[in-house]
Each structure stands twice: as structure tokens, then as C-alpha cells.
Amino acid sequence: MGKAAARLERFVRARVDEAPPGDPVARSHRALIATLDGLREEASAEEDGAWVEAVAGWFGGWFDDDSSSWSSNSDLWNESAERTAAAIATRVLACMALVHRDHPDYDPVWEKAAPAD
């Protein structure tokens, strides 16, 4: 995970940790973070990336070869399963960060990783 992606993940995790008990957005974000953690663990155990194509389909075709999205421009499919899982995690974390656009630590550059509004 690159420095920018790590900073994004720290930002999202910090906002979730700051949320009051019972906050429905934080509950949803905790579930997404747990899913991403599992995805990355699974990717590190896999020999091939076939599972990633199915997962990417669940995320609205963000990683299609014909897409002009941020991630498809990174030659994602030529990389390892771990790198692909990290790119998927970054995309989802960028979407989660949108909830906190008004936070002083929010970086608008993260919006490049999220689908257009």
C-alpha cells in the first residue's frame, strides 16, 4: 500500500473510531473495513487473481478494462492479487471518506478514486 492509500485508510479508520456508539454510518463503515481486511487477507493467500475479477464486478465495473476510472489507468490487471485487492480497498475507502468531506483532514484528491457523483 502506498503512502497516499495508507493516509486515506488512516483517515477513514480515525473517523469511524471517533463516531458515537450506535452511529449507523460508522456501523456500516466498520462492516466495510472488515470486508476489505478480509479481501486483502484472501488476496495474500491466493496464487492467481481470478477471484478479483468477480469481486470487481460487484463494485459496479469500476475495474473494467474499458473504464476510464482512476484504478483502470494503473494497469491493475497486470499486477498481483495483493496489489489488486489493495486498489479495490483504496477505491472503497475513498467512497467511505466522502461522508467526511467537511473534516479539516479530508483531502479532495481522494475523490479521484471514487466514482463521479
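Fair warning: this is a prediction, and the values are worked out from it, not measured in the lab. (Residues numbered from 1 in each chain as written. Predicted model: local features only at pLDDT ≥ 70, side-chain atom pairs only at ≥ 80, totals over all residues. Heavy atoms only, no water.)

**Quick look at the pattern of salt bridges**
Once their charged atoms are close, side chains differing in charge can pair, the charge on each being opposite to the other. Spelled out, the test is: Salt bridge criterion: a side-chain nitrogen from Lys or Arg within 4 Å of a carboxyl oxygen from Asp or Glu. Put simply, DSSP H or I for four residues or longer makes a helix, DSSP E for two residues or longer makes a strand, and each gets a number counted from the N terminus. Only protein chains enter the accessibility calculation, which uses a 1.4 Å probe; a residue whose area is less than 20% of its type maximum is buried, one above 50% is exposed, and one in between is partly exposed.
Applying the stated rule across the entire model yields seven salt bridges. R40 is the salt-bridge partner of E9, the closest N and O atoms lying 2.9 Å from each other. Remark: R40 occurs in helix α2 (residues 24-45) and E9 occurs in helix α1 (residues 3-18); sequence separation between them is 31 residues. With respect to burial, E9 and R40 carry one shared label: buried. A cluster of three or more residues bridged by salt bridges with shared partners is formed by E9, R13, D37 and R40.

**Overview of helix α4 (residues 81-97)**
Quick note on the threshold: Working rule for helices: expected span equals 1.5 Å times residues minus one.
Between its first and last C-alpha atoms α4 spans 24 Å; for 17 residues at 1.5 Å apiece the expected length is 24 Å, and the two agree. Buried residues dominate α4, accounting for 14 of its 17 residues.

**A short note on the packing of α1 against α2**
Quick reminder of the rule: With axes taken as lines fitted to C-alpha atoms, and helix axes fitted only over the stretch in contact, angles between N-to-C directions fall between 0 and 180 degrees. Comment on the angle field: the value is read as roughly parallel under 35 degrees, roughly antiparallel over 145, roughly perpendicular from 65 to 115, and oblique elsewhere. Take the far helix as your reference; a near helix turned counterclockwise from it by less than a right angle gives a left-handed crossing, and one turned clockwise gives a right-handed crossing. The criterion used for residue contact is that any of the two residues' heavy atoms lie within 4.5 Å. Just so you know the grouping, Ala, Val, Leu, Ile, Met, Phe, Trp, Tyr, Cys and Pro go in nonpolar, Asp, Glu, Lys and Arg go in charged, and all remaining residues, Gly too, go in polar.
Two elements in contact, α1 and α2, have axes separated by 9 Å at closest approach and are oriented at 140°. Considered as vectors, α1 and α2 are oriented oblique to each other. Considering only the axes of α1 and α2, their crossing is left-handed. Here α1 contributes E9, V12, R13 and V16 to the contact with α2, which in turn contributes A26, H29, R30, I33, D37 and R40. Along the lines of polarity and charge, the residues of the contact of α1 with α2 split into four nonpolar, one polar and five charged.

**A closer look at the packing of α2 against α4**
At their nearest, the axes of α2 and α4 sit 8 Å apart, and the two run at 170° to each other. In terms of orientation, α2 and α4 fall into the roughly antiparallel class. Of α4, the residues touching α2 (which contributes H29, L32, I33, L36, L39, R40, A43 and S44) are A81, E82, A85, A86, I88, A89, V92, L93 and M96. Within the contact of α2 with α4, the residues separate by chemical class into 13 nonpolar, two polar and two charged.

**Considerations on the nonpolar core**
Where we set the bar: Here, nonpolar core means buried Ala, Val, Leu, Ile, Met, Phe, Trp, Tyr and Cys residues that are tied together by side-chain atoms lying within 4.5 Å of each other.
Judged by nonpolar contacts, the single largest core of 21 residues is most densely connected at L8, V12 and A97. Listing elements by their share of this core, those giving two or more residues are α1, α2 and α4. Top contributing element to this core by residue count: α4, with nine residues. Ignoring sequence-local partners within four residues, the contact set of L8 consists of T90, L93, A94, A97 and W110.

**Here's the deal with the confidence of the model for the protein**
Which entries qualify depends on this criterion: You can read pLDDT as the predictor saying how much it trusts each residue, on a scale of 0 to 100.
Looking at the protein, the pLDDT average stands at 78 and 68% of residues meet or exceed 70. Mean pLDDT across the elements of the protein ranges from a minimum in helix α3 (residues 50-58), with 60, to a maximum in α1, with 94. Confidence over residues 64-76 falls short of pLDDT 50; this stretch has 20 contacts with residues more than four positions distant or in other chains.

**Examining the packing of aromatic side chains**
Stated precisely, the cut-off is as follows: What counts as a ring pair is set by centres within 6.5 Å for rings of Phe, Tyr and Trp (its six-membered ring), and what kind of pair is set by the plane angle: stacked under 30 degrees, edge-to-face over 60, tilted for all other angles.
The tally for this structure, following the rule as stated, stands at three aromatic pairs. Ring centres of F11 and W110 lie 4.9 Å apart, and the angle between their planes is 50°; on these two criteria the pair is classed as tilted. With F11 in helix α1 and W110 in the segment after α4, the pair connects residues that are 99 residues apart, well separated along the chain. We note that F11, like W110, is buried. Ring centres of Y106 and W110 lie 5.5 Å apart, and the angle between their planes is 90°; this geometry places the pair in the edge-to-face category.

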